[in-house]
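Fold and contact review
For reference, the chains in residue letters:
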Amino acid sequence: MTDIQPLTLITPTAPMSAGVHGGRAKCLQRLIRLEMPVPTTVALSFGAVNGIAHGQMPDMEALMAPFGDQPLLSVRPSSLNPDWGGPSAVLNVGMNDARYAQLCKDIGVTAATAIYMRFVQSYAIHVARLDPDEFYLPDVATVESLHAMLATYEFETDEPFPQQAKVQLGEVLRSMARAWDGTTARLLRQAKGAPVDAGLGLVVQRMALGVGQGDCGTGVIEFVDANSGLPKIVGRYVNQSQGRERIQDVAGAIYLTRDDRGPSFEEQCPEAFAELIEYGALIRRKLREEMQIKFTMESGVLHILDGIRVQRSSRATVRIAVALANDGIIPREEAVMRVEPAALSELLHRQVDPKAKRDLIVRGIAASPGAASGRIVLTAAEAQASAARGEPCVLVRRETTPEDIRGMHAAQAVLTMRGGVTSHAAVIGRGLGLPCVVGAFDLTIDRKKSEISGPDGRKFAVGDVITVDGTTGQVLAGAPAMLEAALDGAFQTLLEWADEFRDIGVRANADTPADAQAAQNFAAEGIGLCRTEHMFFDGDRLGVMREMIFAESSDDRRAVLERLLPMQRDDFISLFTIMAGKSVCVRLFDPPLHEFLPSDKAGLRDLAEQLALPLSDVTDRVHALSEYNPMLGMRGVRLGIAIPEIYDMQAQAIFEAMVAVGEAGVAISAEIMIPLVSAMREVELVKARVDAVANTVLSKSKSALDYRLGVMVETPRAALRAEDIAEHASFLSFGTNDLTQMTYGLSRDDAGRFMSAYVQQGVYAEDPFHTLDVEGVGELVAMGAERGRKGRKDVTLSICGEHAGSRTAIAFCREHKFDYVSCSPFRVPVARLTAAQLALAARVNNKTDT
Ligand code: PEP
Ligand code: MG
């Protein structure tokens, strides 16, 4: 816009934009263009209001001219985004003794006195900044109370209450402009995403008083339920006819809420109500949004004062966007763009009701969203016992280890003192869709006394009910009210539309049949990471696994693994069956073996008993296996090279499962992935053995085995050497958890201890285990991808660390033309929507570039 006027009388053709006059002013122009009965309104631009804040008043004569003699005006804020807030509206500007005398005649003394007193009160508090306690409104406005209020004003300011409309308006504008400029207001709106230099516009409007002869009052009406998003007419009408104030529902045959029953606005003013319904439909169609209409009835005549976007829940956001697109009002692309992906995350999980009271025990890191309540248990065994009794429980641990898996399955939520967003508890919690708070360092766990306590010293015993809110990272006492997950038709529709637009695949990290089922339910395109080690903690397998670790020779080890083989095969048969027709990427065994061994005396004694060995032998062996730096020790492919029988068994189980499901008519595309590779020779060696196992299985069956072998790039060296590694690998999947750990030299399990200090002091912009470090880790990933493509032109590229579902990582992967991202099943919907939004945004950018 070339010629920005500080003051604009809003007409259908006045040059105006939301970026100059704010959203409210622009919306009012739209309503005027739709020929709605909007009272005369003048908009002040951002520049004009900024000028006022710095002492430059606009031409007050010009501002007031459109309103004629003795006007009564309202002044309301108009920022670009209404969510950024703004100063409170001031109504009835222009009220003075003369206007009061006239109004007493027109609408009666009581109504006129109430209007004058409301204005004096609002002016005194918001403009003159006087103590609100001195300016309360009595139940019944009397002439005496008005006089008393005016006298208080004069006493406090040493000046009589201003009588000139121009003076009043000038002061109101000044105080609103300055309020926007204040530090508190600035910080508040910046917290809501407003830029530092966000402008404020103001709208000055002739008051349609809602008082007078005949039907008079003021109300709001909405055409959608703000919680569910379903069509529903809701609103309130303050009926001010006959000098009495009564609150009515806007629609239906409902009652007056104060003392007496009576009609709704719909029944009382059917014609105006019908007009409002028409306006509502028109606004929805033309403004392409669900709007609340603010209106008044002035002596039986309807005026439209304002249109405001209906505040809504996440669930309603999705329903409204889908309904607008289904009605042809907005295109599907826009519906997809209108929903914040984080809102979907809220719908996938139970949440603490925002209205419920929160009794905070301790705060930690929000590691897996959703909320759940249950009785405190301190061990995995207690969790299982609690589940067996049908009692929901919360597993509270210092930190969890793979041994706790069954306890985690049995619990409703998990709380750990230690750990960060990629710690064991966090990863498993997200995989299971289990609310989880980790890194609650201020929590004390007293195993001996069977109790926990928060930083304020309050104690909670085993069996007491607490609530874990994994969305906010809070742990609460008791069981506040919850809102259920809401995966309705609109949710599914929106995601189907998102899939039409996205240009990168989304798979799930899934280890168990339950995970795989969740992945299917959320329409993941396959499994991008199945961490097989979790399968060895189930049922009797742990015992067999321990026997394997204690085997003396390769033959002994093979014999024990023979017992694990059918169990593994069954695992894969169920995963492949659930994921029929899709790709399943199985990662070979990854963790250090000591994770399968007990660490306490009682456990060691049990193990000695089970293996029929002297306790000292067992203790020696456990010591021999322990490492100073297990995460950098004998794990991943290093185990595969040093103890190849484990990978042999796993490969055999995978191939035999493929044959079995193939015979049952289930097509599956299996992928085998080698973890923690750092040298090409590791891949050569494992590949040779896996191929040999495939040939053996193939020779016994008639079916062909179509599988792909790939490498997990999670050490910096693997990224650097990706070119020659890719010569032996059909795919490279970047494991950004370990890659972040090794790039920073930062333990993923211990970093939580100082992470908040680091982030607070700006050492790291964010927790790199949470938000992909594009500058550092990202550079290695980009380099690995490029070098990988050099080694094999058609190498499939993906990312499967915990970052994979995030906007940053998806944007990064799109930019580097990755094939897919793989994240926890419950993040799949969020990733699908994010990927679609990024693709759509890129489309718009490409169009504007050309
Ligand atoms: C990784 O390191 O990014 C990864 C996915 O593997 P894990 O978390 O199992 O180490
Ligand atoms: Mg890893």
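Residues numbered from 1 in each chain as written. Chains lettered and ligands numbered in written order. Predicted model: local features only at pLDDT ≥ 70, side-chain atom pairs only at ≥ 80, totals over all residues. Heavy atoms only, no water.

A short note on the overall build of the protein
Of regular secondary structure, the protein possesses 33 helices and 31 strands. The dimensions of the protein, computed from C-alpha atoms along their principal axes, are 105 × 65 × 50 Å. When the 850 residues of the protein are sorted by exposure, 54% land in the buried category. Of the contacts formed within the protein by residues at least 6 apart in sequence, a portion of 67% connects residues at least 24 apart. Carbon and sulfur atoms make up 51% of the accessible area of the protein, which totals about 36100 Å². (Helix = DSSP H or I, 4+ residues; strand = E, 2+ residues; numbered from the N terminus. Buried < 20%, exposed > 50% of the residue type's maximum accessible area, 1.4 Å probe, protein only. Contact = heavy atoms within 4.5 Å. Areas by Shrake-Rupley, 256 points an atom, 1.4 Å probe, with all protein chains shown as cover.)

Observations concerning the site of ligand 1
Every residue lining ligand 1 is accounted for by Leu 529, Arg 531, Arg 587, Met 712, Glu 714, Gly 735, Thr 736, Asn 737, Asp 738, Arg 748, Cys 800 and Gly 801. At 3.3 Å from an oxygen atom of ligand 1 is found a main-chain nitrogen or oxygen belonging to Gly 735. Contacts to ligand 1 include Asp 738, whose backbone N or O atom sits 2.9 Å from an oxygen atom. Its free accessible area being 290 Å², ligand 1 has 95% of it covered by the protein chains. (Near = heavy atom within 4 Å. Polar contact = N/O pair within 3.5 Å; in protein donor to acceptor, adjacent residues only side chain to side chain.)

A look at the pairing of strand β26 (residues 583–587)
The element β26 is largely enclosed, with a buried count of five among its five residues. By the alternation rule, side chains of β26 split into Ser 583, Cys 585 and Arg 587 and Val 584 and Val 586, which are all buried. In this structure, strand β25 (residues 526–531) lies alongside β26, joined through four bridges in parallel fashion. Following the sheet pairing, Gly 526 is matched in β26 by Ser 583. The sheet contact formed by β26 and strand β27 (residues 669–674) spans five bridges and is parallel. In the strand pairing of β27, Val 586 is matched with Ile 672. (Pairing = 2+ DSSP bridges.)

Some details on the coordination of the magnesium ion (ligand 2)
Those donors, Glu 714 (OE) and Asp 738 (OD), are the protein atoms that reach the magnesium ion (ligand 2), and they lie 2.0 to 2.1 Å from it. Taken together, the positions of Glu 714 in the loop between β28 (707–713) and α27 (716–720) and Asp 738 in helix α29 (residues 736–744) put the pair 24 residues apart, joining distant regions of the chain. (Donors = N, O, S within 2.8 Å, 3.2 Å for Na, K, Ca; no water.)

Here we look at the side chain of Gln 29
On the secondary structure map, Gln 29 appears in helix α2 (residues 23–33). Its relative accessible area of 0% is what places Gln 29 among the buried residues. At 2.7 Å, the side chain of Gln 29 and the side chain of Lys 26 are in polar contact. Beyond its immediate stretch of four places on either side in the chain, Gln 29 contacts Ile 10, Thr 11, Pro 12, Thr 13, Ala 14 and Met 16.

Some details on the environment of Leu 34
Looking at the element boundaries, Leu 34 is found in the loop between α2 and β2 (41–44). Measuring from C-alpha to C-alpha, the distance between Leu 34 and Leu 282 comes to 8.0 Å, with 248 residues separating the pair along the chain. Those residues in contact with Leu 34 that lie beyond four places of it in its chain are Leu 282, Ile 283, Lys 286 and Leu 287.

Considering the side chain of Gln 837
Inspection of the secondary structure assignment puts Gln 837 in helix α33 (residues 828–849). There is a polar contact of 3.4 Å between the side chain of Gln 837 and the side chain of Arg 807. Filtering out sequence-adjacent residues up to four positions away, Gln 837 remains in contact with Val 336, Met 337, Val 339, Pro 341 and Arg 807.

Let's talk about the packing of aromatic side chains
Applying the stated criterion across every chain yields a total of 21 aromatic pairs. Summarising the aromatic geometry, the rings of Tyr 237 and Phe 295 are spaced 5.9 Å apart at their centres and angled 5° between planes, so their arrangement reads as stacked. Of this pair, Tyr 237 sits in strand β7 (residues 231–239) while Phe 295 sits in strand β9 (residues 291–298), and the two are 58 residues apart along the sequence. You can call Tyr 237 buried: its relative accessible area is 0%. Pairing Phe 572 with Phe 576 gives two aromatic rings, centres 6.2 Å apart and planes at 20°, and the pair type is stacked. Linking Phe 572 with Phe 576, this pair stays in helix α21 (residues 554–578), spanning four residues, or about one helical turn. With respect to class, Phe 572 is no different from Phe 576; both count as buried. Clustering of aromatic rings is evident, with ring pairs tying together Tyr 100, Tyr 116, Phe 119, Tyr 123, Tyr 153 and Phe 161. A cation sits over an aromatic face here: Arg 507 above Tyr 820, 4.0 Å from the ring centre. (Phe/Tyr/Trp six-rings, centres within 6.5 Å; stacked < 30°, edge-to-face > 60°. Lys NZ or Arg CZ within 6 Å of the ring centre and 35° of its normal.)

Quick word on the packing of helix α12 (residues 314–326) against helix α14 (residues 341–348)
Contact pair α12 / α14: the axes reach a minimum separation of 8 Å and the direction vectors enclose 115°. Pair α12 / α14 crosses with left-handed handedness. Of the residues in α14, those in contact with Ser 314, Arg 315 and Val 318 of α12 are Ala 343, Leu 344, Glu 346 and Leu 347. Partitioned by chemical class, the residues of the contact of α12 with α14 number four nonpolar, one polar and two charged. (Axes fitted to C-alpha atoms, helices over the stretch in contact; angles between N-to-C directions. Left-handed = near helix turned anticlockwise from the far one by under 90°. Nonpolar A, V, L, I, M, F, W, Y, C, P; charged D, E, K, R; others polar.)

Quick look at the sheet that holds strand β13 (residues 365–368)
With mixed pairing, the eight strands of this open sheet are ordered in space as β12-β22-β21-β14-β15-β16-β17-β13. Among the strands making up the open sheet, the edge pair consists of β12 (360–363) and β13. Taking the axes of each pair of neighbouring strands and ignoring which way they run, one obtains an average angle of 30° across the sheet. The pairing of strand β21 (residues 465–469) with strand β22 (residues 474–477) spans four bridges and is antiparallel. Each bridged residue has a counterpart across the sheet, and for Ile 466 the counterpart in β22 is Ala 477. Lying over the sheet, helix α15 (residues 380–388) contacts β14 (371–377) and β15 (393–397), oriented at roughly 180° with respect to β15.

Description of the environment of Arg 541
Take Arg 541: it is sitting in helix α20 (residues 541–550). Not counting the four nearest positions on each side in its chain, Arg 541 is found in contact with Met 535, Phe 536, Leu 564, Met 567 and Asp 571. Of the polar contacts made by the side chain of Arg 541, one reaches the backbone oxygen of Met 535; its length is 3.0 Å.

Digging into a nonpolar patch on the surface
Residues Phe 754, Tyr 758 and Val 763 make up a contiguous nonpolar surface patch of about 240 Å² in total accessible area. Looking at where Tyr 758 falls in the secondary structure, it is placed in helix α30 (residues 752–760). Classification of Tyr 758 by relative accessible area gives partly exposed; the value is 32%. (Patch = residues over 30% accessible without salt bridge, like charges linked within 9 Å, V, L, I, M, F, W, Y side chains within 5 Å. Salt bridge = Lys/Arg side-chain N within 4 Å of Asp/Glu carboxyl O.)

Points about unusual backbone geometry
Of note in this structure, Glu 35 is not a glycine but carries a positive phi near 65°. When you line up the elements, Glu 35 lands in the loop between α2 and β2. A relative accessible area of 69% places Glu 35 in the exposed class. Phi angles above zero are rare outside glycine, and Ser 299 is one such case at about 45°. Within the secondary structure, Ser 299 sits in the loop between β9 and β10 (301–309).

Observations regarding the sheet that holds strand β18 (residues 444–446)
Across the sheet, which stays open at both edges, the three strands sit in the order β18-β19-β20 with antiparallel pairing between neighbours. Sheet topology places β18 and β20 (459–461) at the edges, where each strand pairs with a single neighbour. Across this sheet, the average inter-strand angle for adjacent strands is 20°, counted without regard to direction. Note that strand β19 (residues 451–453) and β20 share three bridges and pair antiparallel. Within β20, the position partnered with Glu 451 by the bridge is Ala 461.

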